[in-house]
Structures are given as C-alpha cells and as structure tokens.
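Architecture and fold: a report
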Amino acid sequence: MDKDFLRYDILKWLLLLVVLIIGGRLFYLQVVSDEYVSRANSNALRYIVQHPPRGEVYDRRGEFLVKSSESYDLVVIPRDVEQFDTVAFADIIGVCVESLQKELAKASRFSRR
C-alpha cells in the first residue's frame, strides 16, 4: 500500500510540474514576449482588386459591337471615415449632397465594417 501511495504522489508532482511548465511558457508567449505582436501587426494585408480593361469587339466589317468604357466604384468603410466636408466632396464626385448623405447613412446602417 505504501508503494502505491508513493507512485501516486510522484505522478501527482510530475503532472503538476508539466502543467506549470506549459502554463509558464504560455504566459511568457502571450504576456511577456512581444514577438507575436510584431508578427501580427506585420501580417495585416489589404487586398485591392483591380480588373484589367476589356478589349473592343468588332464585327466582320470592322465596326464596334462592344466598346470598353471605364467606370469606377466608390467604396465607403464607415469605421474608416472621419469628419469631412460633404458639400465639397459631392461637388468633386459629381453627385448631389442629399444623395451622398443618404448613401453614407445607408452604408453605416448596413455594416460598420
């Protein structure tokens, strides 16, 4: 009986030692070390999709069937927008102020991200 108790006691202390080692290493990695913070900060990427222009399509007589024209999308991320002059911005992009304010309100209601 004494031998079983000794084995149980050794196993208990060994298990406690392993848990303390793993817990100490986790504490060091997450609280003390700043290695993973710098890795996480350098890991942030922002992908911007740019589609190439399409070519023109001609018929057999050489007349245009389809002609490429450029169009642009203005995307607003509400959490990234700071206070700005909506009247001047509406003049720059060529829309009315009410339409711009309506679309900005719609974007912020839809998603903050």
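This write-up is about the structure you can find in this document. From a predicted model like this one, the values you see are computed outputs, not experimental measurements. (Residues numbered from 1 in each chain as written. Predicted model: local features only at pLDDT ≥ 70, side-chain atom pairs only at ≥ 80, totals over all residues. Heavy atoms only, no water.)

**Notes on the packing of aromatic side chains**
Each aromatic ring pair is specified by the distance between its two centres and by the angle formed by the two planes. Going through the model one piece at a time under the given rule, you end up with 2 aromatic pairs. Between tyrosine 58 and phenylalanine 64, the aromatic rings sit 4.9 Å apart at their centres with planes inclined by 25°, giving stacked as the arrangement. A relative accessible area of 47% means that tyrosine 58 is categorised as partly exposed. (Phe/Tyr/Trp six-rings, centres within 6.5 Å; stacked < 30°, edge-to-face > 60°. Buried < 20%, exposed > 50% of the residue type's maximum accessible area, 1.4 Å probe, protein only.)

**Things to note about the side chain of threonine 86**
Counting through the fold element by element, threonine 86 comes out in helix 3 (residues 86–93). The class for threonine 86 is buried, based on a relative accessible area of 18%. In this structure threonine 86 touches Val97, Leu100 and Gln101, once residues within four positions along its chain are discounted. (Helix = DSSP H or I, 4+ residues; strand = E, 2+ residues; numbered from the N terminus. Contact = heavy atoms within 4.5 Å.)

**Here we look at the layout of surface pockets**
Reported here for the largest pocket is a volume of approximately 430 Å³. When contributions to the lining of the largest pocket are tallied by element, the ones reaching two or more residues are helix 3 and helix 4 (97–110). For the lining of the largest pocket, the residue count by class is 14 nonpolar, 2 polar and 5 charged. Approximately 260 Å³ is the volume attributed to the second largest pocket. Around the second largest pocket, the lining residues are Val49, Gln50, His51, Ser71, Tyr72, Asp73 and Val75. (1 Å grid on protein atoms, 1.4 Å probe; cavity = no way out; pocket = protein on both sides within 12 Å on 5 of 7 lines; lining within 4 Å. Points joined across faces, edges and corners; volume = space filled by probe spheres on them. Nonpolar A, V, L, I, M, F, W, Y, C, P; charged D, E, K, R; others polar.)

**Digging into the pattern of salt bridges**
All chains considered together, the criterion is met by 2 salt bridges. Where aspartate 59 meets arginine 61, a salt bridge forms, and the shortest distance between an N and an O atom there is 3.4 Å. (Salt bridge = Lys/Arg side-chain N within 4 Å of Asp/Glu carboxyl O.)

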